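Structure at a glance
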Amino acid sequence: MVAGAAVALACGGSAREAFAIKQFFDEFKAVYVKPDSADPAEKALAAEVETAKCNVCHAGSSKKERNAYGNALAERLDKKADAKDVAKIKKALEEVAALPSDPAKADTPTFGALLKEGKLPGGK
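Report follows, based on the coordinates. If you're wondering where the values come from, they're calculated on a predicted model, not measured in any experiment.

Parameters and conventions
- Residues numbered from 1 in each chain as written.
- Predicted model: local features only at pLDDT ≥ 70, side-chain atom pairs only at ≥ 80, totals over all residues.
- Heavy atoms only, no water.
- Helix = DSSP H or I, 4+ residues; strand = E, 2+ residues; numbered from the N terminus.
- Buried < 20%, exposed > 50% of the residue type's maximum accessible area, 1.4 Å probe, protein only.
- Polar contact = N/O pair within 3.5 Å; in protein donor to acceptor, adjacent residues only side chain to side chain.
- Contact = heavy atoms within 4.5 Å.

If you trace the backbone, Asp82 turns up in the loop between helix H4 (68-74) and helix H5 (86-97). On the basis of relative accessible area, Asp82 is assigned to the buried category, the value being 6%. For Asp82, the side chain forms a polar contact with the side chain of Lys88, separated by 3.2 Å. Setting aside chain neighbours within four positions, we find Asp82 in contact with Phe24, Arg76, Leu77, Lys88 and Ile89.

Here it is in C-alpha cells:
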C-alpha cells in the first residue's frame, strides 16, 4: 500500500508541471474577467473562462499543447523567468490582444476583439 501511495503521489506531483502557469492565468483573469459586470459579453467571458480554466491557453486534455492564443503568449513569456513579473505578463497580454486570432485569414478578429465579444481567445 505504501508503495502504491508513493507511486500515485509521484505521478500526481509530476503532472502539475504540465499545467498552466498560475500567475499567467491569474493576470489574465485580473485583466479580462469581470464576473460582476452588467455587460452581457463580460459575463459570458467570465463564464467561459471559469469553464475552460487551463484551456484558455491550452488545447485539449494535454497541457503541453497550446492553442493559438497560448502559443502567442508563449512566444513572449518564459514560464520560469517571467512567472513573477506582473508587468511583463500584462505587457504580453496587451501585445497578444492586438494580434489576429488566425493570421492565415485576412478578415479574422484579433484576440482582443474576441475577448470583448465574450469569447475565449483560443476557441473552445
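Resuming the write-up.
Another aspect to go through is the environment of Phe111. Of note, Phe111 is situated in helix H6 (residues 111-116). In sequence terms Phe111 and Ala98 are 13 residues apart; their C-alpha atoms lie 6.5 Å from each other. Residues within four places of Phe111 in sequence aside, it is in contact with Ala68, Tyr69, Ala72, Val96, Ala97, Leu99, Pro100, Ser101 and Pro121.

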